[in-house]
Number of protein chains: 2
Amino acid sequence: MSKKKVSLKDIAEKAGVSTALVSYVLNGKEKESRVGVDIAAKIRQIAIELNYKPNYLAKSLRSGKTQTIGLIIADISNPFFANIARIVEDEAKKNDYTVIIGSSDEDADKSWDLINVLLNRQVDGFIIVSSENTEEQIQYLSSRNVSFVLLDRHFPAIPTDYVVLNNYHASYIAGTHLIEGGYRNIGLIAYRSQLFHMQERIRGYVESLRDAEITFHPDWLTEVDFGRIEPEIRAGIDRMLAADQPVDALIFSTYRLAISGLKYINELGLTVPDDLAIVSFGQAEAFDLYYCPITYLQQPMEALGKTAVELLISKLKDPEQPPRQVLMEATLIARNSSKVKALVT
Amino acid sequence: MSKKKVSLKDIAEKAGVSTALVSYVLNGKEKESRVGVDIAAKIRQIAIELNYKPNYLAKSLRSGKTQTIGLIIADISNPFFANIARIVEDEAKKNDYTVIIGSSDEDADKSWDLINVLLNRQVDGFIIVSSENTEEQIQYLSSRNVSFVLLDRHFPAIPTDYVVLNNYHASYIAGTHLIEGGYRNIGLIAYRSQLFHMQERIRGYVESLRDAEITFHPDWLTEVDFGRIEPEIRAGIDRMLAADQPVDALIFSTYRLAISGLKYINELGLTVPDDLAIVSFGQAEAFDLYYCPITYLQQPMEALGKTAVELLISKLKDPEQPPRQVLMEATLIARNSSKVKALVT
DNA sequence: AGGGCTTGCTTTAACGATTAAGCAAACGGA
DNA sequence: TCCGTTTGCTTAATCGTTAAAGCAAGCCCT
């Protein structure tokens with residue numbers, strides 16, 4: 001496409017020098033390479049005149065670096081991840097990196113595909129929001145000495161760089177908040193997943209009950225299959241409400257589960273928070289719009305995204321450095337959906 | 001990073017032939033290049049053994065093609081665009097293209113930046129959701145003979161390839177739907193924008209009123225500044241409700257306006273649809289979750305994204321072909337927010 | 001048998017940039 | 001004056017791939 005590009009050679013010819021000199025000057029290596037002051041000025045001048053833009057492909061081929069980061073995200077249609085993507089992109093650009101985003105759609109095969117495509121494209125490193133059953137992919141990258149940072153989710157068994165939420169604590173806070181609001185029979189809806197962040201969310205919830213000396217009732221925990229969210233949430237909520245000790249509050253461990261669950265709660269004609277108090281992970285416009293604004297755990301998205309980029313870039317500079325791990329805290333944004341329980345007199 | 005890559009040379013050495021032969025074989029040019037059948041087989045064999053992966057950088061440098069598409073989106077945090085991005089990515093991958101996504105955040109300067117970065121990265125072509133005041137950017141690309149397809153928004157004054165919604169008709173349908181539901185005083189909230197798609201949405205609305213012989217009242221139209229959505233929507237709704245002929249129905253011309261508007265309507269304590277019927281462009285989980293599900297104009301996202309990719313790829317194959325324009329229809333999904341007006345007796 | 005075609009491969013240049021190595025001219029020191 | 005250093009530039013190799021051009025051996029045809 002388009003007009004012929006300006007290359008070093010064009011500048012060299014116009015200046016009557018070799019391409020080497022031009023390269024030295026335009027890369028600020030005039031000192032080390034003993035380039036004459038006047039010719040350097042002339043070269044710079046001509047470069048501007050011709051509006052020279054270096055060819056990244058050639059640069060990359062030579063250097064083996066593409067200044068490109070591969071971002072593999074579990075689900076781009078989730079607004080949380082879409083925002084993370086935007087933040088990562090911005091931050092990367094500030095550091096002169098370009099980001100190639102791929103969505104694995106929570107599918108291990110798609111994730112493999114993406115990794116291979118991006119490796120082929122010679123990305124310098126990865127930021128990865130891992131899906132289920134992708135440990136081997138992470139191991140593979142590790143074994144090939146590819147630089148990467150895990151974001152939002154990590155595998156405790158594999159020593160890697162990562163930036164994640166303190167999911168245990170976030171969940172614990174959510175449980176405690178409801179308990180302090182007078183709710184006693186608190187349910188949790190989570191994904192049926194081996195992913196550590198999900199296990200931690202369950203653990204935090206369970207321990208918040210235990211610390212308040214509330215006996216956890218197995219019926220209060222619904223684990224939902226990723227592929228069958230709708231029906232399993234319905235069944236789960238039904239079961240929770242029909243339990244010996246029916247739940248009076250629900251924690252949703254992700255945004256998507258909350259959306260689905262709230263729809264069903266609407267259908268059932270239940271009122272939030274009188275019939276059922278709600279706290280959810282994630283954040284979304286939908287929560288503001290709900291007739292009763294939803295209490296949610298706010299994740300430090302900016303910080304998560306920025307830190308991931310920082311860690312990766314620092315790793316790219318010095319691949320030998322030991323892995324760094326960052327744990328961040330969520331903030332509970334209390335709203336009406338979890339307001340102090342009305343006394344039943 | 002990582003182990004040394006396998007190159008054509010490695011295969012050539014192992015097979016005891018020149019790299020040229022290897023290149024011919026692995027590119028399926030054995031016939032034209034008269035490569036011996038047995039040596040071809042041997043080369044292929046070795047390539048598999050060594051797990052050869054071609055170096056895209058070198059290929060691209062040589063060919064001038066990167067098999068990469070730049071996707072510039074007006075706002076990635078908008079779920080509509082995030083979904084479009086995903087569809088474009090999938091479709092591109094099917095055609096062996098990689099997508100680099102950039103969000104211009106509705107900002108012309110950022111859009112310029114992105115275009116330059118991506119041009120420097122030698123993308124083969126662009127798919128662009130234009131922001132306001134970016135005609136000159138489109139003109140520039142045109143004049144440089146860069147291949148691109150406009151998506152969702154276009155500039156009628158510039159002859160380009162594009163794939164957009166029939167915004168006029170969509171808006172007309174929305175208006176007509178409300179009129180048929182018995183609403184007479186219908187307001188529209190739109191962006192204050194010169195972008196053609198927005199103008200068309202306004203035109204469609206106005207003409208739906210005219211065709212129903214309803215006199216359009218200027219107070220019924222609120223145009224909102226992109227940077228000041230919240231306050232201007234509030235002011236606009238206040239004005240519409242205080243008008244001589246207060247509105248009994250509202251059309252939101254984008255998803256984001258609807259979210260903002262509905263929040264305020266909630267605050268005012270108005271009931272949808274009894275106090276105010278609603279129809280909105282865009283689609284989102286939030287609309288399902290609202291206590292009264294929102295009627296919306298469903299856009300053929302799949303088709304939009306896929307067609308854009310198709311047009312672009314076909315343009316890349318033959319850059320000389322005349323521009324093609326595609327107009328798609330929205331479907332009105334009627335729900336409770338616009339149900340037939342209860343008779344006031 | 002000698003000229004031309006076919007077959008099967010190699011050589012070489014090129015894409016655009018970087019960089020080690022080389023080389024001539026000018027300069028400095030004793 | 002002579003040798004060694006510095007200065008200022010060029011040459012050439014390299015990254016991995018492609019493709020035009022070249023070349024030797026074997027074939028056919030008359």
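For the structure, check the block above.
Once a new chain begins, its residue numbering starts again from 1 and follows that chain's sequence as written. Numbering of ligands from 1 and lettering of chains from A proceed in the order in which they are written. With the structure being a predicted model, the display of local features is reserved for residues of pLDDT at least 70 and the display and counting of side-chain atom pairs for 80 or more, all residues being used for whole-chain, interface and lining totals. To get the side-chain values, take all heavy atoms of the structure and skip hydrogens and water.

## Description of the relation of the copies chain A and chain B
Phase 1 of the analysis: Superposing copies: least-squares fit, C-alpha atoms only, residues required to have pLDDT of at least 70 in both. Under the fitted operation, chain A is carried onto chain B by 0.0 Å of movement along the axis and a turn of 180°, and the coordinates agree to an RMSD of 0.1 Å. The superposition operator between the copies reduces to a two-fold rotation axis. Residue Ala286(A) of chain A places its C-alpha closer to the rotation axis than any other residue of that unit, at 2.2 Å.
Phase 2 of the analysis: Between two residues, a contact is recorded if the distance between any of their heavy atoms is within 4.5 Å. The residues that chain A uses at the interface reappear at the interface of chain B in 100% of cases, marking a shared surface.

## Thoughts on the protein's contact with DNA strand C
Phase 1 of the analysis: Working definition: residue near molecule or strand if any one of its non-hydrogen atoms lies within 4 Å of it. Around DNA strand C, the structure places 25 residues, and the nearest of them are Leu8(A), Tyr52(A), Arg62(A), Arg34(B) and Gly36(B).
Phase 2 of the analysis: Among atoms of DNA strand C positioned within 4 Å of the protein, sugar and phosphate together represent 54%.
Phase 3 of the analysis: Residues adjacent in sequence count toward polar contacts only when both atoms are side-chain atoms; beyond that, a polar contact is any pair of N or O atoms within 3.5 Å, and within protein one must be able to donate a hydrogen and the other to accept it. The contact in question runs from a base oxygen of DNA strand C to an N or O atom on the side chain of Arg62(A), over 2.6 Å.
Phase 4 of the analysis: Throughout this entry, Asp, Glu, Lys and Arg are counted as charged residues, while Ala, Val, Leu, Ile, Met, Phe, Trp, Tyr, Cys and Pro are counted as nonpolar. The remaining residues, Gly among them, count as polar. Residues belonging to the surface near DNA strand C are distributed by class as follows: 12 nonpolar, seven polar and six charged.

## A word on the sheet that holds strand β12 (residues 331–333) of chain A
Residues and elements named next belong to chain A.
Phase 1 of the analysis: Each pair of strands is called paired provided DSSP finds at least two bridges between the two strands. To qualify as a helix, a DSSP run of H or I must reach at least 4 residues; to qualify as a strand, a run of E must reach at least 2; elements of each kind are numbered from the N terminus. Strand order in the open sheet formed by six strands is β7-β6-β8-β9-β10-β12, with mixed pairing between adjacent strands. For this open sheet the edge positions go to β7 (221–224) and β12, each flanked by a neighbour on one side alone. For this sheet, the mean inter-axis angle between neighbouring strands, taken without regard to orientation, is 20°.
Phase 2 of the analysis: Strand direction decides the pairing type here: strand β9 (residues 277–281) and strand β10 (residues 295–298), joined by three bridges, are parallel. Counted as the bridge partner of Ser 280 is Tyr 296 from β10. As a rule, the C-alpha atoms of each element are fitted with a line to give its axis, helices using only the stretch in contact, and angles between N-to-C directions run from 0 to 180 degrees.

## A few points about the protein's contact with DNA strand D
Phase 1 of the analysis: Within the structure, DNA strand D sits among 26 residues, and Arg34(A), Arg62(A), Leu8(B), Tyr52(B) and Arg62(B) are positioned closest to it.
Phase 2 of the analysis: Sugar plus phosphate, as a fraction of atoms of DNA strand D within 4 Å of the protein: 56%.
Phase 3 of the analysis: Within the side chain of Ser23(B), a nitrogen or oxygen atom sits 2.8 Å from a phosphate oxygen of DNA strand D.
Phase 4 of the analysis: One of the side-chain N or O atoms of Tyr24(B) is found 3.1 Å from a base nitrogen in DNA strand D.
Phase 5 of the analysis: When contributions to the surface near DNA strand D are tallied by element, the ones reaching two or more residues are α2 (19–26) and α4 (56–63) of chain A together with α2 (19–26) and α4 (56–63) of chain B.

## Some details on helix α3 (residues 37–49) of chain B
Residue and element names in this part refer to chain B.
Phase 1 of the analysis: In a regular helix each residue adds 1.5 Å, so 13 residues correspond to 18 Å; α3 covers 19 Å between its end C-alpha atoms and thus fits that length.
Phase 2 of the analysis: Exposure is judged per residue with a 1.4 Å probe applied to protein chains only, and the accessible area is read against the type maximum: over 50% gives exposed, under 20% gives buried, and values in between give partly exposed. Along α3, the residues classified as buried are Ala 40, Ile 43, Ile 46 and Ala 47. Down the axis of α3, the buried set is contained in an arc of 130°. They therefore lie on one face. Seen from the open side of α3, the exposed residues pointing more than 90 degrees away from its buried face are Val 37, Asp 38 and Ile 48.
Phase 3 of the analysis: Looking at the packing, one finds that the buried side of α3 touches α1 (8–15) and α2.
Phase 4 of the analysis: Phi turns positive, to about 55°, at Asn 51, one or two residues after α3. What a helix is expected to span follows from its residue count: subtract one and scale by 1.5 Å. Of all possible arcs, the one meant is that of the directions from the helix axis to the C-beta atoms.

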